[in-house]
Amino acid sequence: MSSSPKVLAIRAYIDRLDNNDLDGAHQYVTDDFVYVAEPKPVGILGKSYVNEAGFNKDGFKAFMEESYKHVTIKTTIEDVTENPETGNIIVRTKTKQQQIVTASSSTTPYIGETPSTAEFEFVGDKISKMKVKANHSLPFLK
């Protein structure tokens, strides 16, 4: 797998997200960073994000902070492709999600795995856009 500076930045960014370190993840993105998901993320326990075309840096952080209250994630990078013409990086991943169960929870914990493909755009050595195609239909997030 490539060890170009862009790929190393993506790996570090994903690692920070997996470890609930959003401030650490933000060091790898531009101030005008945009996150776009297809399909759009579902609402998280009644908080609908379905009308969002994408998230800016702060919006994505808020979305992930809310997500981390309900689920843990662990992402495995399966493949990385660098496009020499555009400079974009395509990353195929599988993300394992596990619902956080509390004493008041009456549901069976959800454990699932979502395959996805993300295209990362860069400005210099920072991620400016992350476009993800994945299945966001986790049952406990509706």
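Residue positions within a chain follow its written sequence, with the count starting from 1. Local features in this predicted model are restricted to residues of pLDDT 70 or higher, and side-chain atom pairs are both shown and tallied only at a pLDDT of 80 or more, whereas totals for entire chains, interfaces and linings draw on every residue. Side-chain figures throughout are based on the complete set of non-hydrogen atoms in the structure, without hydrogens or water.

A.B. asks: What exactly am I supposed to notice about the nonpolar core here?
C.D. replies: Nonpolar side chains tend toward joint burial in soluble globular proteins. Within this scheme, the nonpolar core is defined by two criteria: the residues are buried Ala, Val, Leu, Ile, Met, Phe, Trp, Tyr or Cys, and they are joined through side-chain atoms within 4.5 Å. Only protein chains enter the calculation, and the probe is 1.4 Å; a residue is then buried if its accessible area is under 20% of its type maximum, exposed if over 50%, and partly exposed in between. Residues Tyr-13 and Phe-120 are the most contacted members of the largest nonpolar core, which totals 30 residues. Only α1 (5–18), α2 (22–26), β1 (29–38), α3 (57–68), β3 (71–82), β4 (89–99), β5 (111–123) and β6 (126–134) provide two or more residues apiece to this core. Strands here mean DSSP runs of E at least two residues long; helices mean DSSP runs of H or I at least four residues long; both are numbered from the N terminus. If you tally residues by element for this core, the top one is α1, at seven residues. Every residue pair with non-hydrogen atoms within 4.5 Å of one another is taken to be in contact. With residues near it in sequence (within four places) discarded, Tyr-13 still touches Ala-25, Tyr-28, Val-29, Phe-33, Phe-60, Phe-120, Ile-127 and Met-130.

A.B. asks: Which parts of the structure should I look at to understand α3?
C.D. replies: In an α-helix, one turn spans 3.6 residues; hence positions three or four apart end up facing the same way. Helix length check: α3 (12 residues) gives 16 Å between terminal C-alpha atoms against 16 Å at 1.5 Å per residue, within 8%. Buried residues of α3: Lys-57, Phe-60, Phe-63, Met-64, Glu-66, Ser-67 and Tyr-68, and no others. Turning to α3, the residues buried within the fold contact α1, α2, β1, β2 (55–56) and β3. N or O atoms within 3.5 Å of each other form a polar contact, as long as, within protein, one can give a hydrogen and the other can take it, and as long as residues adjacent in sequence are counted only when both atoms are side-chain atoms. At the N-terminal boundary of α3, the capping side chain belongs to Asn-56, with an oxygen 3.1 Å from the backbone nitrogen of Asp-58. By this rule, a helix spans an expected 1.5 Å times one less than how many residues it contains.

A.B. asks: What am I meant to see in the sheet that holds β5 here?
C.D. replies: Picture the strands of a sheet paired through backbone hydrogen bonds; they go either parallel or antiparallel. Strands sit in the order β2-β1-β6-β5-β4-β3 across an open sheet of six strands; the sheet is mixed. Only two strands of the sheet have a single partner each, and these edge strands are β2 and β3. Strand pairing follows a simple DSSP-based rule, namely that at least 2 bridges must link the two strands. The pairing of β4 with β5 spans 10 bridges and is classified as antiparallel. By the bridge assignment, Ile-90 is partnered in β5 with Glu-119. Against the sheet, α1 touches β1, β3, β4, β5 and β6, its axis set at about 170 degrees to β3. Here, axes are lines fitted to C-alpha atoms. For helices the fit covers the stretch in contact, and angles between N-to-C directions go from 0 to 180 degrees.

A.B. asks: Help me out: how do you make sense of α1 in this one?
C.D. replies: The terminal C-alpha atoms of α1, which comprises 14 residues, lie 20 Å apart, in line with the 20 Å expected from a rise of 1.5 Å per residue. Val-7, Ala-9, Ile-10, Ala-12, Tyr-13, Ile-14, Leu-17 and Asp-18 are the residues of α1 that are buried.

A.B. asks: Sorry, what's going on with the pattern of salt bridges here?
C.D. replies: Opposite charge on two side chains allows them to pair when their charged atoms are near. The term salt bridge refers to a side-chain nitrogen of Lys or Arg lying within 4 Å of a carboxyl oxygen of Asp or Glu. All chains considered together, the criterion is met by eight salt bridges. Put simply, Asp-31 and Lys-57 hold a salt bridge, and the shortest N to O gap is 3.4 Å. Separated by 26 residues along the polypeptide, Asp-31 in strand β1 and Lys-57 in helix α3 bring together distant segments of the chain.

A.B. asks: I would appreciate a short explanation of the pairing of β5 in the present structure.
C.D. replies: The two faces of the sheet receive side chains in turn, since in a regular strand these alternate between them. What you see with β5 is a clean split: Gly-112, Thr-114, Ser-116, Ala-118, Phe-120 and Phe-122 sit on the buried side and Ile-111, Glu-113, Pro-115, Thr-117, Glu-119, Glu-121 and Val-123 on the side with no burial. Pairing geometry for β5 and β6, over eight bridges, is antiparallel. Within β6, the position partnered with Thr-117 by the bridge is Lys-133. The turn linking β5 back onto β6 is made up of two residues, and Gly-124 within it adopts a positive phi angle of 65 degrees.

A.B. asks: Is there a simple way to think about the pairing of β1 in this case?
C.D. replies: As paired elements, β1 and β6 share six bridges and run parallel to each other. When the bridges of β6 are listed, Val-36 appears paired with Lys-131.

A.B. asks: It is not clear to me how unusual backbone geometry should be interpreted in this structure. Could you clarify?
C.D. replies: Backbone geometry follows two general trends: most residues other than glycine have a negative phi, and most peptide bonds adopt the trans configuration. One non-glycine residue, Asn-20, adopts positive backbone phi at about 60 degrees. Along the chain, Asn-20 turns up in the loop between α1 and α2. For Asn-20, a relative accessible area of 45% puts it in the partly exposed group.

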